[in-house]
Each structure stands twice: as structure tokens, then as C-alpha cells.
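Secondary and tertiary structure notes
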Amino acid sequence: MQQPFCRTYPPSRGLSDESSQATRATATGSAERQSSTPPPRYQKKKLFCAGCEKHVQYFKFRRHLTVCCPDLLPTGRWPGEEQASDAARTAEDIKKKEVLRLRFEIGLTEEQVAEDLHITTTRVRSMVRKASLEIPLVRDAIPLQVIYEDEWMLVVDKPPGIRFHPKHRFEGGSLLNRVLYHFQDTAVPYIVHRLDMDTSGVAVFAKSSHAANLISEQFRQKHVQKEYVALCAGASVAPHFQVDAPIGKSPHGGIAMAVGETGKAACTDCSVLATGNWHGQPVAVVSARPHTGRTHQIRVHLAHAGLPILGDPIYLPDELRAEDPPRETDLPDAGRHALHAARLSFVHPSTEQRMTFCAPLSMDLQGMASSLALQEGVQEFCDVISHYDS
Ligand SMILES: [Zn+2]
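Worth saying up front: this structure is predicted, and the values here are computed from it rather than measured.

Cut-offs applied
- Residues numbered from 1 in each chain as written.
- Predicted model: local features only at pLDDT ≥ 70, side-chain atom pairs only at ≥ 80, totals over all residues.
- Helix = DSSP H or I, 4+ residues; strand = E, 2+ residues; numbered from the N terminus.
- Contact = placed C-beta atoms within 7 Å.
- Core = buried A, V, L, I, M, F, W, Y, C linked by C-beta atoms within 7 Å.
- Buried ≥ 20, exposed ≤ 12 C-beta atoms within 10 Å, placed from the backbone.
- Domains from an automatic or database assignment.
- UniProt positions renumbered as here; feature names shortened; annotations may be inferred.
- Arc of directions from axis to C-beta.
- Pairing = 2+ DSSP bridges.
- Axes fitted to C-alpha atoms, helices over the stretch in contact; angles between N-to-C directions.
- Parallel < 35°, antiparallel > 145°, perpendicular 65-115°, else oblique.
- Nonpolar A, V, L, I, M, F, W, Y, C, P; charged D, E, K, R; others polar.
- Left-handed = near helix turned anticlockwise from the far one by under 90°.
- pLDDT = per-residue confidence, 0-100.

It is worth spelling out the overall build of the protein at this point. A tally of helices and strands in the protein yields 12 helices and 14 strands. Look at the contacts in the protein between residues 6 or more apart in sequence, and 57% of them connect residues 24 or more apart.

In C-alpha cells, the structure reads:
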């Protein structure tokens, strides 16, 4: 059985008073003196910790190991920092295999594995997470609608009905899996923003962590201009209006969001581009420019303003939904919420020029606008966005 660390090895500086005194009393051997005070050439050196995969300062390494992953401490006499780092790496590999076997072959829970191996649940979770990151992502051989591409980024027109990224590493079917196929091995896609599964339109991927940081920062600083077009039920009292209402989790639970006092600040500028009438039910084409990026922001804000998006499975009131089978007078339904990311504008990470990317309204929504006799409003919108600053 492994002895408690402080009793087995000469403690480094800063350990408990009792053990420090013990060190002072016995530190006459040169090996012991060396291990408690590293020679100057080692002071800047860093050693790899297999437990957390961080590089730790040489003279803090032993103490780090005792806190981070005591199960990786070498048994017996402390062999020296480098040897301990190597031994911890080997021990971690063996332990990881055992954790994965117990977790996935035997089917124990993370807590049971931790108890079995006398390690913390945090260590088990970390090992399972690291193992899952080693599973290569699926590449879907499906062509992309490329809007723009250079060595820094890729801008595509996302089709409706596919996820932005997969739920699990071992499954495909998302936009990211198509981008991986498109890149082959020339770049790694970095996600800098997301669109809902059923939203179509402009989506951007960075090609390096540096480009990703520069673009993400613009999203964080709210310097990215976003514009969406939505086909809605209802009528607005004003052609231009702003919805400034906090959004949080819906009290009804699930994935629904709702406007509420306890939510996070959210603001959307809206313009009504065209209005129409469908068997007595007012309909409209609305452009929405969100200033914040809350979950479901445009869908929630438009519903809050009395203009719920057609086909929205969550925020469209029941009385506006089509019957099954649909009656002639029922509002058309594209099988998804009628929301399209039409324009995205941000500063190029390298040239520092502001660039604007537009995606024409997807075919399914064009058909829907046409059956609602709203295609003129949509066309007007497309003309407007194509004349934005670039
Ligand atoms: Zn560590």
C-alpha cells in the first residue's frame, strides 16, 4: 500500500511545519538536498503532468502531482523530477485503459470506477473526456455551398435541417462534418458562432486557432453585424421597432426560452419588409438584426412582439399551426421555422477590412413567400442586403 506522500519522501519547501522540521533534521544527504532545492539551471524548466496535461514548473512538480493526481505519484523513494514525470505518463496510460475498460466494457458508472480504482471521479471524467477526443470526427462527402474561402476562413450557406456540429464525435450528419470533408487535411475547422438546426444561411468557420480568436472576439465585443429574414404570422404596429427584453429559460422547462425579468439582456432591431393576408390571417416578412446572441433570440423576440415565425415548433401559438392533414386555409409550413441568416459582416482577421457575406433566401422559404404573395418583400430585402457596405 502506498504510504502518505509526506512521510515517504523528503518534503519540498512549504509543506507542513512538522514535515519541514523533519526535513531540516534529516537533510544531510546530498540526494535529499538536491530534491528539495533544484539547481539554478532547472528553475525555469517545465515538466509534463500526465494527469492534467499541463506543463508545470520544475520545482513545483512534486507538489503539483500530489494535488493533481496523487495516484500517479511513484511508489517508494522519490526518483527525481524528470523520472517522476515519465513514470506518471506510463502510469496514466495504464490507468486510462483500465478506466475505459471498467466504464465501457464492464459498464460501471464513473463513480463506481473511481471507487474501484481509488481515484477521484474528476480524474475518471477527465480520462473519459480525453479518450473521446481521440476519436476522429466523421467526414461527410457532401458538397458545401461556399460563399467565400481563403486561408483564414470559410463562409458557407448552411442548408436547413442539419445540425451545426454533431452531438457526439462518432456521428456525422452535421455542417461541421461536411466542412471537415471539404478541408480534407488542409485545415482544421474552428467554430466561432452557431445557427440553430432549422435555420439556414450564412455560417463561418475559422481555419486556425489564431483566426478563430480574432473572429470570436468580434462576436464577443458585438462588432459582428447579423441580419436575418423571417416569415411571420401577425401584424406589426410599426414598420421599424426594437425588442429590448431579457431572455432566459422558460419556466415550462425543456429547451424553450422565454422573455422574463430573470433572463439575460437581449436586444433586436426589426423592420417589416412586406405585409400580406392569408385567409384573414395577417402575415409579414421581417428583417431582424440582433445586437446580442442569446439562444433562440430572434424566435423569442419576434413571438414576443406578436410576430411568431411560421413553422416554429416552439414559439408559434397552437391556433396558428396547420392541421394534419392541412386544410386549404391553414398557414403554409416549410417543416421548419422560416428563419434565414441572410447577412453576416465582420472584419477580416488578416486584412482588417470589413467584409459582408450574404446568402440568398433558401428555396423552401422562397416557395413559402411566393405562396403567401410576399415574394416582393423578400426580393426587396435581397436587393437591400446586396447593397450593404463591403
Ligand atoms: Zn496535473
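Once the structure has been displayed, the description carries forward.
The next subject is the nonpolar core. Counting 66 residues, the largest nonpolar core has Ala230, Leu231, Cys232, Val285, Val286, Leu302 and Ile309 as its most contacted members. Looking at which element gives the most residues to this core, the answer is strand β7 (residues 225–233), with 6 residues. Shared between two domains, this core holds at least three residues of each, these being domain 2 (136–221) and domain 3 (224–390). Among the nonpolar cores identified, the runner-up in size contains 9 residues, and Phe61, Leu65, Ala84 and Ala88 belong to it.

Residues given the UniProt feature "domain: RNA polymerase sigma-70 region" (unreviewed entry) here are residues 96–131. Measuring from the first to the last C-alpha atom of residues 96–131 gives 8 Å, for a span that is 81% helix and 0% strand.

Let us now look at helix α4 (residues 61–68). Residues of α4 that are buried: Phe61, Arg62 and Leu65. Down the axis of α4, the buried side of the element spans an arc of 100 degrees, and every buried residue falls inside it. In this structure, the buried residues of α4 make contact with β1 (46–49), β2 (54–57) and α5 (81–105).

Relative to the elements of secondary structure, glutamate 171 occurs in the loop between β4 (153–158) and α8 (175–183). With 31 residues separating them along the chain, glutamate 171 and aspartate 140 place their C-alpha atoms 10.0 Å apart. Those residues in contact with glutamate 171, other than ones at most four positions away along the chain, are Val138 and Pro166.

Bringing the pairing of β4 into the picture now. In the sheet, strand β3 (residues 146–149) pairs with β4 via 3 bridges, with the strands oriented antiparallel. When the bridges of β4 are listed, tyrosine 148 appears paired with valine 155. What sits between the antiparallel neighbours β3 and β4 is a turn of 3 residues.

So, on to the packing of α5 against helix α7 (residues 121–133). The geometry of α5 relative to α7 is characterised by a closest axis approach of 10 Å and an angle of 90 degrees between their N-to-C directions. Between α5 and α7, the interaxial angle falls into the category roughly perpendicular. Packed against α5, whose contacting residues are Lys96, Val99, Leu100 and Arg103, the element α7 presents Val124, Met127, Val128 and Ala131 at the interface. Residue classes in the contact of α5 with α7 are distributed as 6 nonpolar, no polar and 2 charged.

Contact geometry of α5 with helix α6 (residues 110–117) gives a least axis separation of 9 Å together with a crossing angle of 135 degrees. Judged on the interaxial angle alone, α6 and α5 are oblique. For the pair α5 and α6, the crossing hand works out as right-handed. Listed contacts from α6 to Lys95, Glu98, Val99, Leu102 and Arg103 of α5 are Glu110, Val113, Asp116 and Leu117.

Of all 9 residues that make up α8, 7 are buried, and the element is covered over most of its length. Those residues of α8 that fall on the buried side of the exposure criterion are Leu175, Leu176, Asn177, Arg178, Val179, Leu180 and His182. Looking at the buried positions of α8, the neighbouring elements they touch are β4 and β6 (200–206). Following α8 by one or two positions, glutamine 184 adopts a phi angle in the positive range, close to 50 degrees.

In this model, aspartate 324 is joined to proline 325 through a cis peptide bond whose omega is 0 degrees. Summarising the element assignment, proline 325 is placed in the loop between α10 (297–304) and β13 (339–347). Unusually for a residue other than glycine, glutamate 53 sits at a positive phi of about 60 degrees. Checked against the element boundaries, glutamate 53 lands in the loop between β1 and β2. In the Ramachandran plot, lysine 222 falls in the positive-phi region, its phi being about 60 degrees despite a non-glycine side chain. Tracing the backbone through its elements, the reader meets lysine 222 in the loop between α9 (209–220) and β7.

Quick look at the pairing of β2 now. The side chains of a regular strand alternate between both faces of the sheet. Two elements, β1 and β2, share 4 bridges in a ladder whose sense is antiparallel. From the neighbouring strand, cysteine 49 faces β2, where its bridge partner is lysine 54. The turn linking β1 back onto β2 is made up of 4 residues, and glutamate 53 within it adopts a positive phi angle of 60 degrees.

Mapped onto this structure's residue numbering, the UniProt feature "active site" (unreviewed entry) falls at Asp196. Note on placement: aspartate 196 falls in the loop between β5 (190–191) and β6. Aspartate 196 gets classed as partly exposed once you count the C-beta atoms within 10 Å, which come to 18.

Note on placement: histidine 348 falls in the loop between β13 and β14 (354–358). For the pair formed by histidine 348 and leucine 214, sequence separation is 134 residues and the distance between their alpha carbons is 8.7 Å. For histidine 348, the contacting residues outside a window of four places in its chain are Gln353 and Met355.

Let us now look at the environment of aspartate 116. Position of aspartate 116 among the secondary structure elements: in helix α6. A C-alpha to C-alpha distance of 9.0 Å links aspartate 116 and leucine 102, two positions 14 residues apart in sequence.

Atomic detail in the predicted coordinates should be set aside for any region of low pLDDT. Mean pLDDT over the protein stands at 86; residues scoring 70 or higher make up 87%. Confidence drops under pLDDT 50 across residues 1–33; counting only partners more than four residues distant or on other chains, this segment forms 28 contacts.

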